[in-house]
Amino acid sequence: MIETIELPEDVTAAMDHLELTVEGPEGSVTRRLWYPDVTVSVEDGTVVIEGAAEDRKTSATVGTFASHVRNMVHGVTEGWEYELSVYYSHFPMQVRVEDGDVVISNFLGERAPRTTPVRGDTEVEVDGEEIRVRGPDKEAVGQTAADIEQLTRVTDKDIRVFQDGVYITSKPSRGGA
């Protein structure tokens, strides 16, 4: 089974042992692509993913690798973006980014601030009650947004009453799903 992904003009790809690096106007993304009997190569502006065996697992892995490469190309050309909103009823929480960490202070009146790291080449923008998370790596952007949302998770109170927190309001949509 062979999958080929055409690269746009402003995107370059390079294979270094098992690491595929895709570079474009929005940045670069590197990912390790390895599975037995599956080879990934870059030839004349296309990424070729070839499975030596014809069994179900190898075919599924070839499709997965092709999807990863398409997501990498989309990330370095257009980027991935999540939008989050800050909700509070009584205690006004402050959200800021400092030294590669997202810091939320005064959540439910707590004295200790809650922090989570920003992953990879992800940029976090705080504009009042809105937070934008964007970057070229789909997994790093998604994990950063999820970490920010989980940072304000309330475990010991009734979530129907205590709805303060930071929630994802917009995710990137792409593909046939």
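Per chain, the residues get numbers from 1 upward, laid out in the order the sequence is written. Selection of residues for local features in this predicted model requires a pLDDT of at least 70, selection of side-chain atom pairs for listing and counting requires 80 or more, and totals for whole chains, interfaces and linings are taken over all residues. Side-chain figures throughout are based on the complete set of non-hydrogen atoms in the structure, without hydrogens or water.

Caption draft 1: View of the overall build of the chain. Runs of E in the DSSP output that reach at least two residues are strands. Runs of H or I that reach at least four are helices, and both are numbered from the N terminus. Counting its regular elements, the chain contains two helices and 13 strands. Based on the C-alpha atoms only, the size of the chain along its principal axes is roughly 60 × 35 × 25 Å. What makes two residues a contact is simply this: any of their non-hydrogen atoms within 4.5 Å. Of the contacts made within the chain by residues no fewer than 6 positions apart, 57% connect residues no fewer than 24 positions apart. Here, Shrake-Rupley sampling with a 1.4 Å probe gives the accessible areas, and only protein chains in the shown set may cover a residue. For the chain, the exposed surface amounts to about 10500 Å²; the carbon and sulfur share of it is 45%. Averaging the locations of the 17 positively and 34 negatively charged side chains of the chain gives two centres separated by 10 Å. Asp and Glu are treated as the negative residues and Lys and Arg as the positive ones, with His and the ends of the chain left uncounted. Every charge is mapped to an atom, namely NZ of Lys, CZ of Arg, CG of Asp or CD of Glu.

Caption draft 2: Examining the environment of Thr-39 more closely. The topology assignment puts Thr-39 in strand β5 (residues 38-43). Through-space distance from the C-alpha of Thr-39 to that of Ala-52 is 8.1 Å; in sequence the pair is 13 residues apart. Aside from chain neighbours lying at most four places away, what touches Thr-39 is Val-48, Ile-49 and Glu-50.

Caption draft 3: Quick look at the sheet that holds strand β1 (residues 2-6). Two strands qualify as a pair provided DSSP detects at least 2 bridges between them. In spatial order, the strands read β1-β6-β5; together these three strands make up an open sheet with antiparallel pairing. Edge strands, defined here as strands with exactly one partner in the open sheet, are β1 and β5. Across the sheet, the axes of successive neighbouring strands diverge by a mean angle of 15°, strand direction being ignored. Each axis is a line fitted through C-alpha atoms, and for a helix only the stretch in contact is used; angles between axes span 0 to 180 degrees, taken between their N-to-C directions. Seen against the sheet, helix α1 (residues 56-77) touches β1, β5 and β6 (46-51) and runs at an angle of roughly 165° to β6.

Caption draft 4: Main features of α1. Multiplying 1.5 Å by the helix residue count minus one yields the expected span of that helix. With 22 residues, α1 extends 32 Å from end C-alpha to end C-alpha; this agrees with the ideal 32 Å at 1.5 Å per step. The first or second residue beyond α1 is Gly-79, which carries a positive phi of 85°.

Caption draft 5: Spotlight on the pairing of strand β9 (residues 101-105). Here β9 lies mainly inside the structure; four of its five residues are buried. Taken together, the five bridges between strand β8 (residues 94-98) and β9 define a ladder with antiparallel strand orientation. Directly across from Arg-96, in β9, lies its bridge partner Val-103. Linking β8 back to β9 in an antiparallel pair, the connection comprises two residues, with Asp-99 at a positive phi of about 55°. Here β9 runs beside strand β10 (residues 114-117); their pairing, made up of four bridges, is antiparallel. Its bridge partner being in β10, Asp-101 is matched across the sheet by Pro-117. Burial here depends on accessible area, computed with a 1.4 Å probe over protein chains only, as a share of the maximum for the residue type. Under 20% is buried, over 50% is exposed, and the range in between is partly exposed.

Caption draft 6: Representation of the sheet that holds β8 in the model. Ordered by their spatial adjacency, three strands build an open sheet running β8-β9-β10, and the pairing between neighbours is antiparallel. Whereas interior strands pair on both sides, the edge strands pair on one side only; in this sheet they are β8 and β10. Pairs of neighbouring strands in the sheet enclose a mean axial angle of 20°, with direction left out of account. Its contacts with the sheet put helix α2 (residues 138-151) on β9 and β10, and the angle it makes with β10 is roughly 170°.

Caption draft 7: Main features of the packing of aromatic side chains. Under the pairing criterion, centres of Phe, Tyr and Trp rings, with the six-membered ring standing for Trp, must be within 6.5 Å; the plane angle then separates stacked pairs below 30 degrees from edge-to-face pairs above 60, leaving the rest tilted. Overall, the coordinates contain one aromatic pair when judged by the stated rule. Cation over ring: Lys-138 sits above Trp-80, and NZ or CZ is 4.9 Å from the ring centre. A ring is considered to have a charge above it if a Lys NZ or an Arg CZ atom is located within 6 Å of its centre and within 35 degrees of its normal. A cation sits over an aromatic face here: Lys-157 above Phe-162, 5.6 Å from the ring centre.

Caption draft 8: The arrangement of the pattern of salt bridges in detail. Counted as salt bridges are all cases of a side-chain nitrogen of Lys or Arg within 4 Å of a carboxyl oxygen of Asp or Glu. What the rule picks out here adds up to 10 salt bridges. A salt bridge links Glu-125 to Arg-134; its shortest N-O distance comes to 2.8 Å. Residue class for Arg-134 comes out partly exposed when judged on its relative accessible area of 26%. Of the charged contacts in the structure, one is a salt bridge between Arg-160 and Asp-158, with a shortest N-O distance of 3.0 Å. When salt bridges with common partners are traced through the structure, they connect Glu-81, Glu-83, Glu-125, Arg-132 and Arg-134 into a single cluster.

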